[in-house]
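Okay, here's what each chain looks like letter by letter:
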Amino acid sequence: MGIPVFILAGLLVHFVFLVSIFDIYFSSPLVHGMTPQQTPLPPPAKRLVLFVADGLRADSLYELDGNNTSHAPYLRGILENNGSWGISHTRVPTESRPGHVALIAGFYEDVSAVAKGWKENPVEFDSVFNESKYTWSWGSPDILPMFAKGATGDHVYTFCYTAESEDFGAQDASKLDTWVFDHVKSFFNSSRSNQTLFSALNEEKVVLFMHLLGIDTNGHAHRPNSREYKENIRKVDEGVKEIASMLESFYGNDGKTAFILTSDHGMTDWGSHGAGHPSETLTPLIVWGAGVNYPQKVTSQFFEDNFLKEWKLENLKRLDVNQADIAPLMASLIGVPFPLNSVGTLPLEYLNNSAHFKAESMFTNAVQVLEQFKVKMNQKKATTLSFLFTPFKPLSDSEQINFLKKTRLYIQQQKYDEAVSLCKTLINLALEGLSYYHTYDRLFLGLSIAMGFVGWTTYVILVIVKTHTSLTKTVQSSDKESAALLYSFTFVGMMITFFLLIQTSPWTYYIYCLLPVPVWYAVMRELHVIQNLTANLWSLPISQSLGFILISILGIEILVFSFFYRATLTVGLLVFAGWPVITQLWVQAKTTTLIWTVLCALLAVFPLMPIVGREPNIPLVIAAGLLTLLISGFSLASSCKSENKYRNNEDMKVHFYQMLSIALSTYVVSNTHNSLKNKQGLPVFNQIISWTTLVSSSVLPLLSPTFLFQRLFSILLSLMATYLLLSTGYEALFPLVLSGLMFVWIHMEQEALQHYGLSLKPKLAVFNFAYATDITQFRQLHLDDIRRSFFFVFFIVTAFFGTGNIASVNSFDPASVYCFLTVFSPFMMGGLLVLKVVIPFVLVSCAFEAVQVTTQLSSKSLFLIVLVISDIMALHFFFLVKDYGSWLEIGTSISHYVLVMSLTIFMMLMNGLAQLLTTKRLDLSRRTKHHAT
């Protein structure tokens, strides 16, 4: 197989493996074609007002300050005297879009839908807004259009401010909420002179939705414990009070308005959200008005979180719900059909209505969930051979009829409590059944992918052994054998295709099930290599072979472990620090060994530090900038002393410009931080410098000389200028320590080569990247090269997790990008945060490129070993992917797998980028001079 074909096959295989988990674990659970279900009795309310205070934590709303007064006195009065209250438990990812879908449509979006963006409708779904007669909504352009777009007909109206208003660096984000309240008031005032609008507002089944983004924006910018966040809660409280009294007077106190105030998600103490920390998943819920229960006094109640005492609410009944339960509650209050895809259970304790009404509503809820189960079951039945189909036993057709008949009978006999408990059982069974059919093919697909994985990894190992070692002899296999092998694998492929065809399986199933066939065919063609390799291994002492295998397994397990526990990296780095002592390398290079040990120990400190972003520390960023300037000054002085290094002023100019970039970046970070602190926004001058630095950092290294250390140092300076702009604390020092270790690593590998007598030691000082790709000098692989590749993978993982858990959404701090932009733009901010993660990655890749070149190995051979290591890790994570348990675990398990899979694809790209950054040189200035003479 030629190199381009091999790379293409590798990319294709890894792309299929990467996409497969979304099909196997996270395909959309939504089904279509259900009949809408509606409670037959008249509803208690004609209209519903929904306030969603984006990013509002439960404890921030319910807690009392030092003087025993609430941040929201009006809402506190409501829950003590007029309505019911509790906590709404949200699910991960705790982002605005999935939170609103759970509230208004009653189901939890799957990961694949969330990945398709905040603003669009990746999947068609029904919502309370769609089922209402009219919905008017005010608020953010990120949320409102989503529900209007999915609605049938023209009855969901939206009024949004501009996207530019969502500015984290603005003077006061609470103006977003004031905008909403002012527009609602003027809308109702204008309706008095508009007869059509006036009569529409007086219809039944009307929803008024106010999305209040100020609290979330202030939380991101100033943290939830700040004065700004608490002040914003007070403003929302006043706004809700004004809107409620205005509506009561508009409708002549008819007692037909129900009010709900809740939040889509909470926020961590350091101002982020997305994961499953209680501060993100616990949100407030206060319901009052038509059809809602009054406060219920209790003498004692127990909740694990122990908040009641703190909030002084232990004598008022707390009614907790899951976030998706709010959709059926809204539907029940105004008498619209329950959203078709809702998986929520109606929280009856919030309703102040007859037992008959409650039982009928619960029955409607049960039938609506059962409808989804039936559609899902019939879909699976239609695409599975009858003798292979295993139905969900607890809800067979007869069981369903039995449940429904029994419940109807209980309602007719006025045994309402029995009817309600039967309905709850039915809902739970139907949800279990939905999950059962949704994951029906999981084991079968998982095994197919695992077979493909193992086959591919085996093939890569055989390619390494065959082309880069002297362990095997070339043997020609007979044409007869080759043809027999080809026919047998073609037959297997045809059988699989036929089996999938008669089951009318989706097209993706063909890819997952057929992929192992060509992969294993390629492995079987190299059977003689396997035989040679086995013979060679048997000839070695058993203790040596076993020791090597055990060390390899231990190394990979440490890498896998480090994804869960960052401190594992510290242990690994301390072992690395002792590596020269264990292998006797220190005897021949005492100074290098000492520096190596010190830098390993320094780098080992970073994984023990708290995750970046929780506590900004700008003085540390400034210190990192000054330290970089100091080092580059020393470098400049030493190169001026030595002769012939800088042959012209051009190289000097580049170096000076890079030092200027570092100095400007340090100034911009300090100045922007102060400006935002004083609520003066992001200065335009700083923004221009930041973007200019970002663009120039990719070009400047290409202007510097291609001598090994000069080029690597130039890459460090350019990337460091950008990294400083994206830093908020101690992580600014991370690339410096990492690069220091990388420079010493290149020297250590030279010592290792000499130690094993593999080659002479080249003079690193005059080593030039541009002339380093002479193909004749490449040597065969040695066992020590596996250790070299392992070091690279370990350093890559350290680059990823050294300063935070990049697998967790909530460790990203938007403050990192404030030098570039402060207006909310998820994809631009995400891109800059990814760049921040990539910079240490690039530094390690460039050092690895230098190690390959100076140890006279072809980049392909080491890269293949790296591929094997990361594929074995990926197989680990494939089986660790979860779609159950705590939502934090689910999110982390997906991101681990995606990380390792993208690592492999990414390393191919990084390999190319490192070669470009180290070997290419732009000679524009010299050429123009040459023509002038």
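One can find the structure itself at the top, above this paragraph.
Residue positions are counted from 1 within each chain, in the order its sequence is given. This being a predicted model, a pLDDT of at least 70 is required before a residue's local features are given, and a value of 80 or more before pairs of side-chain atoms are given or counted; all residues contribute to the totals for chains, interfaces and linings. Only hydrogens and water are removed before side-chain values are computed, so all heavy atoms of the structure are retained for them.

**Digging into the overall build of the protein**
Heads up, the condition is: To qualify as a helix, a DSSP run of H or I must reach at least 4 residues; to qualify as a strand, a run of E must reach at least 2; elements of each kind are numbered from the N terminus. The rule is simple: take the accessible area with a 1.4 Å probe, protein chains only, and divide by the maximum for that residue type; under 20% is buried, over 50% is exposed, in between is partly exposed. Here a residue-residue contact requires only that any non-hydrogen atoms of the pair lie within 4.5 Å. All accessible areas in this document rest on Shrake-Rupley with a 1.4 Å probe, and a residue is counted as covered only by the protein chains that are shown.
Along its length, the protein carries 35 helices and eight strands. Here the protein holds 933 residues, and 56% of them are scored as buried. Contacts spanning at least 24 positions in sequence make up 80% of the contacts within the protein whose residues lie at least 6 apart. Only carbon and sulfur atoms are counted for the fraction: they give 63% of the accessible area of the protein, which is about 39500 Å².

**Digging into the packing of helix α30 (residues 734-755) against helix α32 (residues 826-854)**
Selection criterion: Here, axes are lines fitted to C-alpha atoms. For helices the fit covers the stretch in contact, and angles between N-to-C directions go from 0 to 180 degrees. Roughly parallel means an angle under 35 degrees; roughly antiparallel, over 145; roughly perpendicular, 65 to 115; everything else is oblique. Rotating anticlockwise by less than a right angle from the far helix to the near helix defines a left-handed crossing, while the corresponding clockwise rotation defines a right-handed one. Amino acids are sorted into nonpolar (Ala, Val, Leu, Ile, Met, Phe, Trp, Tyr, Cys and Pro), charged (Asp, Glu, Lys and Arg) and polar (every other residue, Gly among them).
For the pair α30 and α32, the least separation of the axes is 10 Å and the interaxial angle reads 15°. Our classification of the angle between α30 and α32 gives roughly parallel. The way α30 lies across α32 gives a crossing that is right-handed. Between α30, through Phe734, Pro735, Leu738, Ser739, Met742, Trp745, Ile746, Glu749, Gln750 and Leu753, and α32, the contact on the second element is made entirely by Pro840, Leu843, Val844, Ala847, Phe848, Ala850, Val851 and Thr854. A per-class count over the contact of α30 with α32 returns 14 nonpolar, three polar and one charged.

**Observations concerning the pattern of salt bridges**
Selection rule: Whenever Lys or Arg places a side-chain nitrogen within 4 Å of a carboxyl oxygen from Asp or Glu, that contact is recorded as a salt bridge.
Within the structure shown, the criterion is met by 18 salt bridges. Here Arg787 ties to Glu749 by a salt bridge, and the two come within 2.8 Å at their closest N and O atoms. Of this pair, Arg787 sits in helix α31 (residues 783-801) while Glu749 sits in helix α30, placing them 38 residues apart in sequence. By relative accessible area, Arg787 is classed as buried at 15%. Put simply, Glu749, Asp785, Arg787 and Arg788 are held in one network by salt bridges that share partners.

**So, unusual backbone geometry**
Across the chain, the bulk of peptide bonds are trans and the bulk of non-glycine residues have phi less than zero. One non-glycine residue, Arg223, adopts positive backbone phi at about 80°. For Arg223, the position within the fold is in the loop between α10 (214-222) and α11 (227-250). In this model, Lys312 sits at a positive phi of 55°, which is unusual for a non-glycine residue. In this fold, Lys312 is placed in the loop between α13 (307-311) and β8 (321-322).

**A closer look at the sheet that holds strand β3 (residues 134-139)**
Defined as follows: At least two bridges found by DSSP between two strands are what make those strands a pair.
The strand order across the open sheet formed by eight strands is β4-β3-β5-β1-β6-β7-β2-β8, and the pairing between neighbours is mixed. The sheet is open, and its two borders are formed by β4 (156-160) and β8, each paired with just one other strand. In this sheet, strand β6 (residues 257-262) lies alongside strand β1 (residues 47-53) in parallel orientation, the contact comprising six bridges. By the bridge assignment for β6, Arg47 is matched with Thr257. Contacts from α11 reach β1, β5 (206-212), β6 and β7 (282-289), with the element oriented near 170° to β6.

**Observations concerning helix α24 (residues 567-582)**
Formally: By definition here, a helix of n residues has an expected span of 1.5 Å times n minus one.
The end-to-end C-alpha distance of α24 is 22 Å, a good match for the 22 Å that 16 residues give at a rise of 1.5 Å each. When α24 is considered as a whole, its buried residues turn out to be Thr568, Leu569, Thr570, Gly572, Leu573, Phe576, Ala577, Trp579 and Pro580. On its buried face, α24 sits against α23 (542-564), α25 (590-603), α30 and α31. A positive backbone phi angle near 65° is found at Gln584, which sits one or two residues after α24.

**Things to note about the packing of helix α15 (residues 355-382) against helix α16 (residues 397-412)**
The geometry of α15 relative to α16 is characterised by a closest axis approach of 11 Å and an angle of 170° between their N-to-C directions. Looking at the two axes, α15 sits roughly antiparallel to α16. Residues His356, Ala359, Glu360, Phe363, Val367, Leu370, Phe373, Lys374 and Met377 of α15 lie in contact with α16, whose contacting residues are Asp397, Gln400, Leu404, Thr407, Arg408 and Ile411. A breakdown of the residues in the contact of α15 with α16 according to their chemical character gives eight nonpolar, three polar and four charged.

**Here we look at the nonpolar core**
Spelled out, the test is: In this description, a nonpolar core means a group of buried Ala, Val, Leu, Ile, Met, Phe, Trp, Tyr and Cys residues linked to one another through side-chain atoms lying within 4.5 Å.
Of all hydrophobic cores here, the largest spans 136 residues; its most connected members are Phe576, Trp596, Trp745, Phe795, Met873 and Tyr897. Considering every element that reaches this core, the biggest residue donor is α32, with 15 residues. In contact with Trp745, not counting residues within four places along its chain, are Trp596, Arg787, Arg788, Phe791, Phe792, Phe795, Ala847, Phe848 and Val851. With 67 residues, the next largest nonpolar core counts Val128, Phe147, Phe392 and Cys423 among its residues.

**Quick notes on the packing of aromatic side chains**
Put simply, the rule reads: Centres within 6.5 Å are what make two rings of Phe, Tyr or Trp a pair, Trp counting through its six-membered ring; a difference in plane orientation under 30 degrees is then read as stacked, over 60 as edge-to-face, and the rest as tilted. Note on criteria: charge over ring means Lys NZ or Arg CZ within 6 Å of the ring centre, with the direction from the centre no more than 35 degrees off the ring normal.
Under the defined criterion, the tally for this structure stands at 55 aromatic pairs. Centroid distance Phe250 to Tyr251: 5.0 Å. Interplanar angle 85°. Geometry classified as edge-to-face. Relative accessible area serves as the criterion here: at 7%, Tyr251 is assigned to the buried category. The structure contains a cluster of three or more aromatic residues connected by ring pairs, namely Tyr134, Trp136, Trp138, Tyr157, Phe159, Phe187, Phe188, Phe198, Phe250 and Tyr251. The positively charged end of Arg318 is found above the aromatic ring belonging to Phe303, 3.9 Å away from the centroid. Seen from the ring of Phe363, Arg408 lies directly overhead, with NZ or CZ sitting 4.6 Å from the centre.

**Quick word on the pairing of β5**
Of all seven residues that make up β5, seven are buried, and the element is covered over most of its length. Residues Val206, Leu208, Met210 and Leu212 point to one face of β5 and Val207, Phe209 and His211 to the other, with burial holding for every one of them. Relative to β5, β1 is paired through seven bridges, and the arrangement is parallel. The residue bridging Phe51 from the neighbouring strand is Met210, located in β5. With five bridges connecting them, β3 and β5 associate as parallel partners. Note that in β5 the partner of Tyr134 across the bridge is Val206.

The quantities given are spatial measurements derived from coordinates; they are silent on function.
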